[in-house]
Amino acid sequence: MTRLTVKALIAVAFWPSLFFFWFLGPFVFLLLSTTSSEVCARLETRDEFVTAANAALPMLVLQTLIYAVPVVCLVLWDRLSPEPARTRHIATCIKLFAVATVIGAVWDYGSSLVCDGYGQPFFSSGWRMTSYLPIVGLLINIPLYILTFSLGRAFSTRDDITEDGVVHSKQDNS
């Protein structure tokens, strides 16, 4: 398989996962991973809340694995055609992704504990502070999305086309 073919196959995984999972996914996973208001009314003890919040953990792990697909694609692209500048940007993407993942997980888990049904103070106010984490997550995700998008665009652009649109017939059989 040629290097261009492999790059194209990675692009087939990268672009749909970037747009679907990173732009639409947060809304879907937010609905699936937090305790809904219908469940909250039925929870009466601290143990029931912890059990409901812990039930969200498998969804959080799945969410993180799915969200990692674009970052993994960037790493694979970089392995095919390494460039030091892009490698540093990918390392930045990985760091931003890790921070965003931790913040998102704490927010999702914490939001499962905040809903207290009958106004009973089961948990410390620290968990209530997790309601501010989406703002922090947004401040981290905006540069992450921009950097990931620009790296994906740079990697998925053909190397054999110059700026004036001329295709150079370079055979790459590696």
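For the structure, see preceding data.
Keep in mind it's a predicted model, so treat the numbers as computed, not measured.

*Asks:* What am I meant to see in the overall build of the protein chain here?
*Replies:* A count of helical and extended segments in the protein chain gives eight helices and zero strands. Along its sequence from the N terminus, the protein chain presents helices and strands in the succession α-α-α-α-α-α-α-α. Across the 174 residues in the protein chain, those meeting the buried criterion constitute 33%. When contacts within the protein chain are restricted to residue pairs at least 6 apart in sequence, those whose partners lie at least 24 apart make up 80%. A total of about 10600 Å² of accessible surface is found on the protein chain, and carbon and sulfur atoms cover 69% of it.

*Asks:* I tried to follow the nonpolar core on my own but got confused; where do I start?
*Replies:* By size, the foremost hydrophobic cluster in this structure holds 20 residues, and its most contacted members are Phe14, Trp22, Leu74, Trp77, Phe97 and Leu151. Of all the elements in the fold, those that place two or more residues in this core are helix 1 (3-33), helix 5 (69-80), helix 6 (84-114) and helix 8 (133-156). Per-element accounting of this core gives the leading share, six residues, to helix 1. In this structure, Trp22 is in contact with Ser17, Tyr67, Pro70, Val71, Phe97, Leu144, Tyr145 and Thr148, ignoring residues within four places of it in sequence.

*Asks:* Honestly, the pattern of salt bridges in this entry has me stumped. Any pointers?
*Replies:* Pairing is possible between side chains of opposite charge, provided their charged atoms come close. A complete count under the given rule lists one salt bridge for this structure. Note that Arg86 and Glu83 form a salt bridge whose closest N and O atoms lie 3.5 Å from each other. Under the relative-accessibility criterion, Glu83 is labelled partly exposed at 36%.

*Asks:* Can you walk me through the side chain of Arg86 in this structure?
*Replies:* Tracing the chain through its elements places Arg86 in helix 6. On the basis of relative accessibility, which here comes to 16%, the residue Arg86 falls in the buried class. In this view, Arg86 contacts Asp78, Leu151, Ala154 and Phe155; residues no more than four positions away in its chain are not counted.

The rules behind the values
- Residues numbered from 1 in each chain as written.
- Predicted model: local features only at pLDDT ≥ 70, side-chain atom pairs only at ≥ 80, totals over all residues.
- Heavy atoms only, no water.
- Helix = DSSP H or I, 4+ residues; strand = E, 2+ residues; numbered from the N terminus.
- Buried < 20%, exposed > 50% of the residue type's maximum accessible area, 1.4 Å probe, protein only.
- Contact = heavy atoms within 4.5 Å.
- Areas by Shrake-Rupley, 256 points an atom, 1.4 Å probe, with all protein chains shown as cover.
- Core = buried A, V, L, I, M, F, W, Y, C linked by side-chain atoms within 4.5 Å.
- Salt bridge = Lys/Arg side-chain N within 4 Å of Asp/Glu carboxyl O.

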